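# Understanding the architecture of this molecule
Listed below, chain by chain, are the residues.
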Amino acid sequence: MSTVTAVLSPRLTAATTGRVLRQLRHDHRTIAMMVLLPSLLLGLLYLLWRDVPALPGQPTVFDRVGLTMLGVFPFVVMFLVTSIAMLRERTSGTLERLLTTPLSRLDLLLGYGTAFGLAAAVQAAVTVTVATTLYDLDVAGSLWLVVLIAVADALLGVALGLLASAFARSEFQAVQFMPVVVLPQFFLCGLLVPREQMAGWLQAVSDVLPLTYAVEALQEVGRSSTGTGTMWADVGVVAGAVVLALALAAATLRRRSS
């Protein structure tokens, strides 16, 4: 039996996915945070910018920034939710009990990733629908591509949240990782200042941050009616970052907090 087969069981991964989904179903506040919060935050941006006139031949401020926020908001929300959820598994002793069974760390994390990935798909569909109907967001490309990238961004938040939870000892510490993990990526992704206008060393840092590629992919959808090679390459980078973060999380996950 290969090493991968020995440590990974699709049956146990599916069982973990089902357990997490059942827990989410009974946690109405978390569901509201995941599904409704991005739409509400996007609505706030819409109210701020709806009366700002656009330059001739240019998209409105909301169309330009709101589109990229369809990726940023799910990333932030899923990072917070998953980092705290996994930490609760450790502090309650649930994780220690689970890992005395044949369930491996990789089964556990893939199960979490799959469960929250399904939640992210619902989140993305709701947010994109609200943005394009209630808020009149205008997108040049296919809305299905927007949903795809939003789901990928949410999964990136899930994977980094699971990784961050391995180093936190309390929920407060888990929240403290947000400024460390999320804010630098937000500042350097090219949304606030075009990346070509940054100092060379800041561009180099931006080049290794996965949110940079998520934002660039959404910007490509906003400019082109079809999926471009750059967009698909960016999605591939985000997917690779998700896999790498999950692998690192599996390697560093502790059974319980001290």
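Remember, it's a predicted structure, so these values are computed and weren't measured experimentally.

### Regarding the packing of helix H5 (residues 61–91) against helix H12 (residues 210–223)
At a minimum axis distance of 8 Å, the contact between H5 and H12 shows a crossing angle of 150°. Judged by the angle between their axes, H5 and H12 are roughly antiparallel. Judged by the twist between their axes, the crossing of H5 over H12 is right-handed. Counting all contacts with H5, which are made through Leu67, Thr68, Leu70, Gly71, Val72 and Phe75, the residues of H12 involved are Leu211, Val215, Leu218, Gln219 and Gly222. Looking at the contact of H5 with H12 residue by residue, the classes come out as 7 nonpolar, 4 polar and no charged.

### Notes on the nonpolar core
Core analysis: the largest hydrophobic core is formed by 69 residues, its most contacted members being Leu42, Met69 and Phe116. Every element with two or more residues in this core is listed here: helix H2 (10–25), helix H4 (37–49), H5, helix H7 (105–133), helix H8 (143–165), H12 and helix H13 (229–252). Examining the composition of this core, we find that 15 residues originate from one element, H8, more than from any other.

### Quick notes on the side chain of Asp153
Structurally, the position occupied by Asp153 is in helix H8. Buried charged residue Asp153 carries no salt bridge. Nearest counter-charge: Arg223, at 14 Å. With sequence-adjacent residues up to four places away left out, Asp153 is seen in contact with Gly71, Phe75, Ala214, Leu218 and Val238.

### Details of the environment of Leu41
With respect to the secondary-structure elements, Leu41 resides in helix H4. When the C-alpha atoms of Leu41 and Glu89 are compared, they prove to be 29 Å apart, with 48 residues separating the residues in sequence.

### Some thoughts on the pattern of salt bridges
Within this structure, the stated rule accounts for 2 salt bridges. A salt bridge links Arg195 to Asp207, with the shortest nitrogen-to-oxygen separation between them at 2.1 Å. In this pair, Arg195 is assigned in the loop between helix H10 (183–188) and helix H11 (200–207) and Asp207 in helix H11, connecting sequence segments 12 residues apart. Salt-bridge contacts for Arg223 lead to Glu220; the nearest nitrogen and oxygen are separated by 2.6 Å. Here Glu220 and Arg223 lie together in helix H12, a separation of 3 residues that amounts to about one turn. Taking relative accessible area as the criterion, Arg223 reaches 57% and is therefore assigned exposed. The exposure class of Glu220 is buried, given its relative accessible area of 14%.

### Overview of the packing of H8 against H13
Where H8 contacts H13, the axes come no closer than 8 Å and their chain directions differ by 20°. Taken as axis vectors, H8 and H13 run roughly parallel relative to one another. Of the two elements, H8 crosses H13, and the hand of that crossing is left-handed. For the pair H8 and H13, contact is made by Leu145, Leu148, Ile149, Ala152, Asp153, Leu155, Leu156, Ala159, Leu160, Leu162 and Leu163 and by Met231, Trp232, Val235, Val238, Ala241, Val242, Ala245, Leu246, Leu248, Ala249 and Thr252, respectively.

### Quick notes on the packing of aromatic side chains
For the structure on display, the rule yields 5 aromatic pairs. Relative to Phe62, the ring of Tyr46 has its centre 5.4 Å away and its plane inclined at 70°; by these criteria the two rings are edge-to-face. Remark: Phe62 occurs in helix H5 and Tyr46 occurs in helix H4; sequence separation between them is 16 residues. The pair Tyr46 / Phe62 is uniform in exposure class, with both members buried. Note on Tyr112 and Phe116: the rings are 5.9 Å apart at their centroids and 25° apart in plane angle, and the pair reads as stacked. Taken as a pair, Tyr112 and Phe116 lie in helix H7 at a separation of 4 residues, close to a single helical turn. Under the relative-accessibility criterion, Tyr112 is labelled buried at 2%. One aromatic cluster is present, formed by Tyr46, Phe62 and Tyr135 through successive ring pairs.

### Section: the environment of Gly161
Along the chain, the position of Gly161 falls in helix H8. Overall, the relative accessible area of 0% leaves Gly161 in the buried class. Taking the C-alpha atoms as reference points, Gly161 and Arg25, separated by 136 residues in sequence, lie 20 Å from one another. Contact partners of Gly161, with chain neighbours within four places excluded, come to Phe79, Thr82 and Ser83.

Calculation rules
- Residues numbered from 1 in each chain as written.
- Predicted model: local features only at pLDDT ≥ 70, side-chain atom pairs only at ≥ 80, totals over all residues.
- Heavy atoms only, no water.
- Axes fitted to C-alpha atoms, helices over the stretch in contact; angles between N-to-C directions.
- Helix = DSSP H or I, 4+ residues; strand = E, 2+ residues; numbered from the N terminus.
- Parallel < 35°, antiparallel > 145°, perpendicular 65-115°, else oblique.
- Left-handed = near helix turned anticlockwise from the far one by under 90°.
- Contact = heavy atoms within 4.5 Å.
- Nonpolar A, V, L, I, M, F, W, Y, C, P; charged D, E, K, R; others polar.
- Core = buried A, V, L, I, M, F, W, Y, C linked by side-chain atoms within 4.5 Å.
- Buried < 20%, exposed > 50% of the residue type's maximum accessible area, 1.4 Å probe, protein only.
- Lys, Arg positive; Asp, Glu negative; His and termini not counted.
- Salt bridge = Lys/Arg side-chain N within 4 Å of Asp/Glu carboxyl O.
- Phe/Tyr/Trp six-rings, centres within 6.5 Å; stacked < 30°, edge-to-face > 60°.

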